[in-house]
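Here is how the chains run, residue by residue.
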Amino acid sequence: MLEHLTQHFHEAGYASASFGKRHYCAANNAFQIENHFELSEAVTYYAYADAFDPANYGVVHYPAAPYPWIFGGRFPLGPEHTSEARAIREATAWLETRDESAPFFLRVSFNAPHTPVVPPAPYDTLIDPDAIALPPDTEEALPGQPEWIADTLRTASDARRLTPEQIRDMRRYYYGEVAFLDSQVGQLLDWMRGRGLLDNTIVVFLSDHGTHLGDYGLVQKQTFYDPVVQVPYIFWYPENVPAGVSVETPVETRSLLPTLLSLTGLPVPEDLRGGGLGAALRSGAEPPSSPVFSEFTLGSFKMRPDDRLVMVRDGRWKLSLCFPAEPGPSLHPTDGALFNLHADPHELTNLYGHPQHPAIQNRLTSLIKDHLARTHHEDEET
């Protein structure tokens, strides 16, 4: 049975709980208490409940086939009925009833601002529509996109199926949903501060992915463009982490638990010691630069479910490749994307297969293949 890294906290006497969205699959729970829920009963990913006519809530729907996502609209009830507010309530209830003699590890997980993007009033109209820009250099489908985007993903995520007005509304709702989520996090922190629960507590705010809001001619996630792979990753710990420090070196969010082990003074397993950010956070200095990886499949879209899509970022270079389930030596040349992020920060010019960069491409391809071989071996062991 898989041992979660949270087990190290349990062995040190921590009480743990998780409330809200859970997207990991394992035979055992990572937290001692878990209550999983994603959405309210009022709105699903694709539809409002029968009691609510979507025509009354300014809904922006993706066309019906294949996925009629709700990209925008007003939540039909008060904010207290959202799943985000429920997660806050259940978290505070647990904090009130826990054993106060034990340290705690609390995870509060939200669906927002994932679809359905339906902020409650007044957040649905918080953003002025005239303030929403449509950047011309990234709105169109780009030439040179890899095959798995241009020919596969685009069949379910093509922003050209929406009008410019719908895209502007989609962005307005998204920003309003982010503001609503920010208010909910603030309420939790204010509640904890009022009870002295932040006096010796580390707070981390992070996300699993970003999203496309019409940029690159796409909607939703499932790419390695920066709007998707760059996410907030914020540590607050006044006793040990200097305020106002911004780390520019790319890092992976899988560094979270080894970093927390380090910051709390707990032993860090030997195989994780190179992956934590504790020393960098304490000093306020940049962590050592090393290649960072991201990976997913299109299986959730029922597309190419056996392919492994992998990205590596190393310095100014980013390479993404599509591999079959068992990576082999050959790759279709359209199944790659290579960008020089210093010269091309918007990732508009795909240099994959370009005759001027074979050494860079080969080096980054080797990094990805080593990563796949290493993670495949780890999967076999678990």
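Conventions and cut-offs
- Residue positions are counted from 1 within each chain, in the order its sequence is given.
- Reporting in this predicted model follows two pLDDT cut-offs: at least 70 for local features of residues, and 80 or more for side-chain atom pairs to be given and counted; totals over whole chains, interfaces and linings ignore these cut-offs and use all residues.
- Excluded from the side-chain calculations are hydrogens and water; all other atoms, namely the structure's heavy atoms, are used.
- Residues enter a nonpolar core if they are buried and are Ala, Val, Leu, Ile, Met, Phe, Trp, Tyr or Cys, with the set joined through side-chain atoms within 4.5 Å.
- To sort residues, take the accessible area from a 1.4 Å probe on protein chains only and compare it with the maximum for the residue type: under 20% means buried, over 50% means exposed, and anything in between is partly exposed.
- Put simply, DSSP marks the helices as runs of H or I at least four residues long and the strands as runs of E at least two long, and each gets a number from the N terminus on.
- Pairs of residues are marked as contacts when any of their non-hydrogen atoms sit within 4.5 Å.
- Pairing between strands requires that DSSP locate at least two bridges from one strand to the other.
- Fitted lines through C-alpha atoms give the axes, limited to the stretch in contact for helices. The angle between two N-to-C directions lies from 0 to 180 degrees.
- One less than the residue count of a helix, multiplied by 1.5 Å, gives the span that helix is expected to have.
- Within this analysis, patches are made of residues with over 30% relative accessible area and no salt bridge. Like charges are joined at 9 Å or less; nonpolar side chains (Val, Leu, Ile, Met, Phe, Trp, Tyr) at 5 Å or less.
- Areas reported as accessible are Shrake-Rupley estimates using a 1.4 Å probe. Residue values count occlusion only from the protein chains shown.
- Note on definitions: salt bridges are taken to be side-chain nitrogens of Lys or Arg within 4 Å of carboxyl oxygens of Asp or Glu.
- A pair of aromatic rings is counted whenever rings of Phe, Tyr or Trp (Trp by its six-membered ring) have centres within 6.5 Å, and the orientation is called stacked for planes under 30 degrees apart, edge-to-face for over 60 and tilted otherwise.
- Confidence of the prediction at every residue is given by pLDDT, a number between 0 and 100.
- Angular relationships are summarised with four words: roughly parallel below 35 degrees, roughly antiparallel beyond 145, roughly perpendicular across 65 to 115, and oblique for the angles in between.
- Two helices that cross are described as forming a left-handed crossing if the nearer one is turned anticlockwise from the farther one by less than a right angle, and a right-handed crossing if clockwise.
- Each residue receives one of three labels: charged for Asp, Glu, Lys and Arg, nonpolar for Ala, Val, Leu, Ile, Met, Phe, Trp, Tyr, Cys and Pro, and polar for the others, Gly being one of them.

Q: Can you walk me through the nonpolar core in this structure?
A: Soluble, globular proteins show a tendency: their nonpolar side chains are buried together. F71 and W148 are the most contacted members of the largest nonpolar core, which totals 33 residues. Contributing elements (two or more residues each) for this core: α3 (147-157), α4 (164-194), β11 (308-314) and β13 (336-340). Among all residues touching F71, those that are not within four sequence positions of it are V60, Y62, T115, V117, L162, M170, Y173, V219 and Q220.

Q: For this particular structure, what's the right way to read the sheet that holds strand β5 (residues 104-109)?
A: Backbone hydrogen bonds hold the strands of a sheet together, and the pairing may be parallel or antiparallel. Here we have three strands laid out as an open sheet, ordered β2-β1-β5, and parallel in their pairing. A single partner strand is all that each edge strand has here, and the edge strands are β2 (33-36) and β5. Along the sheet, successive strands turn relative to each other by an average axial angle of 5°, direction set aside. Alignment of strand β1 (residues 15-20) against β2, held across four bridges, turns out to be parallel. Bridge pairing links S18 to E34 in β2.

Q: Can you help me understand the pairing of strand β9 (residues 233-236) in this one?
A: Taken residue by residue, a regular strand's side chains alternate between the two faces of the sheet. Along β9, the buried face is formed by Y233 and F235; none of I234 and W236, which line the opposite face, is buried. In this structure, strand β6 (residues 203-206) lies alongside β9, joined through four bridges in antiparallel fashion. In the strand pairing of β9, V204 is matched with F235.

Q: When you look at unusual backbone geometry in this model, what are you seeing that I'm missing?
A: What you tend to see is this: most non-glycine residues have negative phi, and most peptide bonds are trans. Here the bond from T115 into P116 is cis, since omega is 0°, no more than 30 degrees from zero. Structurally, the position occupied by P116 is in the loop between β5 and α3. Even without glycine at this site, E347 takes up a positive phi of about 55°. Inspection of the secondary structure assignment puts E347 in the loop between β13 and α8 (358-381). By relative accessible area, E347 is classed as buried at 1%.

Q: I keep staring at helix α2 (residues 83-97) and nothing clicks. Help me out?
A: Its 15 residues give α2 an end-to-end C-alpha distance of 21 Å, which sits within 8% of 21 Å, the value for a rise of 1.5 Å per residue. Buried residues of α2: S83, E84, A85, A87, I88, A91, T92, W94 and L95, and no others. Residues of α2 that are buried sit in contact with β1, β2, β5 and α4.

Q: In this structure, what is going on with a nonpolar patch on the surface? I would like to understand it.
A: On the surface, a cluster of nonpolar side chains totalling about 190 Å² of accessible area is made up of V245, V247 and V251. Its place among the elements puts V251 in the loop between β9 and α6 (256-263). V251 sits in the partly exposed class, given a relative accessible area of 32%.

Q: Help me understand the packing of aromatic side chains, please; the structure alone is not making it clear to me.
A: Throughout the structure, instances matching the rule amount to 18 aromatic pairs. Look at F9 and Y14: their rings are 5.3 Å apart centre to centre, the planes differ by 85°, and that puts the pair in the edge-to-face class. We classify F9 as buried; its relative accessible area is 2%. Given a relative accessible area of 15%, Y14 falls into the buried group. Between W94 and F104 the ring centres are 6.4 Å apart and the planes differ by 80°, which places this aromatic pair in the edge-to-face class.

Q: For this particular structure, what's the right way to read the pattern of salt bridges?
A: Summed over all chains, the structure comprises 15 salt bridges. One salt bridge connects R86 with E90, and the closest N-O pair in it is separated by 2.9 Å. Placement of the pair is R86 and E90 together in helix α2, with a separation of four residues, close to one helical turn. Residue classification places R86 among the partly exposed residues on the basis of a relative accessible area of 32%.

Q: Would you mind showing me how to read the confidence of the model for the chain here?
A: Any segment with low pLDDT has predicted coordinates that should not be analysed in fine detail. Of the residues in the chain, 93% have a pLDDT of 70 or more, and the chain-wide mean is 90. Low pLDDT, under 50, characterises residues 377-382; the predicted model gives this stretch one contact beyond four residues in sequence or across chains.

Q: For this particular structure, what's the right way to read the packing of α2 against α4?
A: Geometry of a packed helix pair, given as the angle between the helix axes and the separation of the axes. Packing of α2 against α4 brings their axes to within 10 Å, and their N-to-C directions diverge by 10°. The orientation of α2 with respect to α4, classified from their angle, is roughly parallel. Seen along the crossing, α2 lies across α4 with a hand that is right-handed. Residue-level inspection shows E84, A85, I88, T92, L95 and E96 of α2 in contact with α4, the latter providing F180, L181, Q184, L188, W191 and M192. When the residues that make up the contact of α2 with α4 are grouped by side-chain class, the tally is eight nonpolar, two polar and two charged.

Q: Would you mind going over the side chain of S109 with me for this structure?
A: Among the structural elements, S109 can be located in strand β5. Not counting residues within four places of it along the chain, the set of residues in contact with S109 comprises F19, G20, K21 and A87.

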